[in-house]
Number of protein chains: 2
Amino acid sequence: MKPLYVIKIGGNIIDDEAKLSAFLAAFAAIEAPKVLVHGGGKLATRMAEAMQVPQQLVDGRRITDAETLRIVTMVYAGYINKNIVAQLQAAGCPAIGLSGADGDVVRAHKRQATLDYGFVGDVDAVNASLLQKLIEEGQSVVLAPITHDGKGQLLNTNADTIAQETARALSEFYDVRLVYSFEKRGVLRDAQDDESVIARIAPADYTELKEKGIVSAGMLPKLDNAFAALRQGVTEVIIGNAAELPQLVKGLAGTRIVHE
Amino acid sequence: MKPLYVIKIGGNIIDDEAKLSAFLAAFAAIEAPKVLVHGGGKLATRMAEAMQVPQQLVDGRRITDAETLRIVTMVYAGYINKNIVAQLQAAGCPAIGLSGADGDVVRAHKRQATLDYGFVGDVDAVNASLLQKLIEEGQSVVLAPITHDGKGQLLNTNADTIAQETARALSEFYDVRLVYSFEKRGVLRDAQDDESVIARIAPADYTELKEKGIVSAGMLPKLDNAFAALRQGVTEVIIGNAAELPQLVKGLAGTRIVHE
């Protein structure tokens, strides 16, 4: 099968114009087919403040009420998504920006939990067949973290989850590598030492790292999700710094999470 | 060639939830392939007020400065476009919402004029080949009035023009009917009488209507554009009220602008 990259960038890059610009140039330069999934960043929070929409927090978690959903739809699926696409086009990378509602590419349902998160979606299905057609047309799909429930309701949805579900669904057609870019250079042996990147983690290594208490608590859910993605058909998960994207996709930087 | 409808709705429908909902149900029910082009509406103005962004007017014309461009990108390509798409999906109409930057579907350049309109785009090219592929996948494309210049700049662009250029470009592949829906029931013989709709205008009729001073000054640019669209390959232009969409597409309401 052909290789394909699903690459997720977080809000810390989106908020930094110079970093985002460098990242998009590196993304455009990747020759293999590729999908970009972006998170939100601080613009939505600033917008909510400017519009005097109070942020609702319950037990420390942000609630997506109707007004907040309106703002994140505007900022994520409008401003951020379209600016990324326009920049990719300028870099010679044909790109098409979509929310989950567009082409029904990511369908979700409103989260059912004891705590009412508001208009937050948990992913049910990714339309891999339409994504494949766009990819085969030479388009890089740029996904915003907004989904829909098929009944007319838009939903705020975690970008990490969208990246994982998209990678999983596209594994039917491609040899998929899933890249999570974040502020650290990879999974670290020593949280205080940025040079202590663990280059490669297979399931046996992970068991050992957990037993020895080497991996930080914050990394555990990320790694659990990475191994879940591998079990669902993804070839490799790469975790590292967005500034090192060219090296990450070549396996020369970051942490590679592998089958064995 | 297969029939296809390019249908433009204006801000007055977008601003009215009940009217928009009825319109989208009627749009979803059209069996032929179809493209929807939507305008802006008052939400962008309300957002600008809420965020205390002053509206710049020069000689009575609104200027799209950088902050206004950010707002219209959010509102048109984000909020309005994604809500329309989600509603169409709910009505069983597969739909994909795009700005002009997405898939390079509508490329424009910043307007060069004595008066600086700011970030306003005049259309250069429509990517009819990608639109055709999406349409043949069964998707109704929903276009927001935001374009790009291919160099990374998004541009605020007139929805009537996008509809016309899209209809023209798709005439290469389809028998295109272009529907402009607005607040009147069609071109009126008597501006005061909503029942005085002129059912059909061919070029010879238009010359006569102009000579007799029957058509109102406000309708002249619309009709000039309609005849320009016909010369560019469009089969028919239909002007009428969005509330009568099912009748408009059947030629049973509104004004049909025809070749002869």
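Analysis parameters
Residues numbered from 1 in each chain as written. Chains lettered and ligands numbered in written order. Predicted model: local features only at pLDDT ≥ 70, side-chain atom pairs only at ≥ 80, totals over all residues. Heavy atoms only, no water. Helix = DSSP H or I, 4+ residues; strand = E, 2+ residues; numbered from the N terminus. Rg over C-alpha atoms; globule rule 2.2 N^0.38 Å. Buried < 20%, exposed > 50% of the residue type's maximum accessible area, 1.4 Å probe, protein only. Contact = heavy atoms within 4.5 Å. Areas by Shrake-Rupley, 256 points an atom, 1.4 Å probe, with all protein chains shown as cover. Lys, Arg positive; Asp, Glu negative; His and termini not counted. Charge placed at Lys NZ, Arg CZ, Asp CG, Glu CD. Buried area = accessible area lost by both parts, 1.4 Å probe. Polar contact = N/O pair within 3.5 Å; in protein donor to acceptor, adjacent residues only side chain to side chain. Nonpolar A, V, L, I, M, F, W, Y, C, P; charged D, E, K, R; others polar. 1 Å grid on protein atoms, 1.4 Å probe; cavity = no way out; pocket = protein on both sides within 12 Å on 5 of 7 lines; lining within 4 Å. Points joined across faces, edges and corners; volume = space filled by probe spheres on them. Least-squares fit on C-alpha atoms with pLDDT ≥ 70 in both. Pairing = 2+ DSSP bridges. Axes fitted to C-alpha atoms, helices over the stretch in contact; angles between N-to-C directions.

> Explain the overall build of chain A here, please?
Within chain A, the secondary structure is distributed over 9 helices and 14 strands. The globule rule puts the C-alpha radius of gyration for 260 residues at 18 Å, and the 18 Å found for chain A is close to it. The C-alpha extent of chain A, read off along each of the three principal axes, is 45 × 45 × 35 Å. Classification of the 260 residues of chain A by burial places 56% in the buried group. For chain A, long-range pairs separated by at least 24 residues make up 68% of all intrachain contacts whose partners lie at least 6 apart in sequence. Counting only carbon and sulfur atoms, one obtains 46% of the accessible surface of chain A, whose full area is about 10800 Å². Charge-centre separation for chain A: the mean point of 27 positive side chains lies 1 Å from the mean point of 32 negative side chains.

> Looking at this structure, how should I read the interface of chain B and chain A?
Reports often express the size of an interface as the amount of accessible area lost when the parts come together. Every contact between the two is made by 38 residues of chain B and, on the other side, 38 residues of chain A. For the pairing of chain B and chain A, the buried interface totals around 3000 Å² over both sides, and the portion due to carbon and sulfur atoms is 68%. Considering only the surface of chain B that becomes buried against chain A, M74, Y79 and K82 of chain B emerge as the three largest contributors, covering 18% of it. Seen at the junction of chain B and chain A, the total is 10 residue pairs in polar contact (both at pLDDT 80 or more). Examining the composition of the side of chain B that touches chain A, we find that 15 residues originate from one element, helix 4 (residues 66–90) of chain B, more than from any other. Classifying every residue of the side of chain B that touches chain A gives 18 nonpolar, 13 polar and 7 charged.

> It is not clear to me how empty space enclosed by the protein should be interpreted in this structure. Could you clarify?
Taking a probe equal in size to a water molecule and rolling it over the atoms shows the remaining empty space. Residue and element names in this part refer to chain A. Overall, the coordinates contain 1 cavity of 30 Å³ or more when judged by the stated rule. A volume near 30 Å³ is recorded for the largest cavity. Of all elements in the fold, only helix 3 (43–50) and helix 4 (66–90) reach the threshold of two or more residues within the lining of the largest cavity. Residues that form the lining of the largest cavity fall into these classes: 4 nonpolar, 3 polar and 1 charged.

> Got a minute to help me understand the relation of the copies chain B and chain A in this structure?
Placing chain B over chain A gives an RMSD of 0.0 Å and needs a rotation angle of 180°, together with 0.0 Å of translation along the axis. The two molecules are tied by a two-fold rotation axis, judged by turn and shift. Residues of chain B ranked by C-alpha distance from the rotation axis are headed by G78 of chain B, positioned 1.8 Å from it. The fraction of interface residues of chain B whose copies in chain A are also interface residues reaches 100%, indicating that both copies meet through the same surface.

> Just to check I follow, could you spell out unusual backbone geometry for this structure?
When glycine is set aside, most residues are seen to have a negative phi, and most peptide bonds are trans. All names here are of chain B. Backbone geometry at Q52 places phi at a positive 55°, although glycine is not the residue there. With respect to the secondary-structure elements, Q52 resides in the loop between helix 3 (43–50) and strand 3 (56–58). By relative accessible area, which is 72% here, Q52 ends up exposed. A positive phi angle is found at D104, which is not glycine, with a value near 55°. With respect to the helices and strands, D104 occurs in the loop between strand 5 (95–98) and strand 6 (106–110).

> I keep staring at the sheet that holds strand 14 (residues 255–257) of chain A and nothing clicks. Help me out?
Strand pairs in the sheet, formed through backbone hydrogen bonds, run parallel or antiparallel to each other. All names here are of chain A. Reading across the sheet, the 8 strands line up as 5-8-2-1-11-13-14-12 and stay open at both edges, with mixed pairing between neighbours. Only two strands of the sheet have a single neighbouring strand rather than two, namely strand 5 (95–98) and strand 12 (200–201). Judged from the 4 bridges that link them, strand 5 and strand 8 (residues 140–143) form a sheet pairing that is parallel. Looking at strand 8, one finds that I96 is bridged to V141. The strands touched by helix 4 are strand 2 (34–38), strand 5 and strand 8; relative to strand 5, the strand with the most contacts, the crossing angle is about 175°. Set on the sheet, helix 8 (residues 219–231) makes contact with strand 11 (175–182), strand 12, strand 13 (236–241) and strand 14; between it and strand 13 the angle comes to about 150°.

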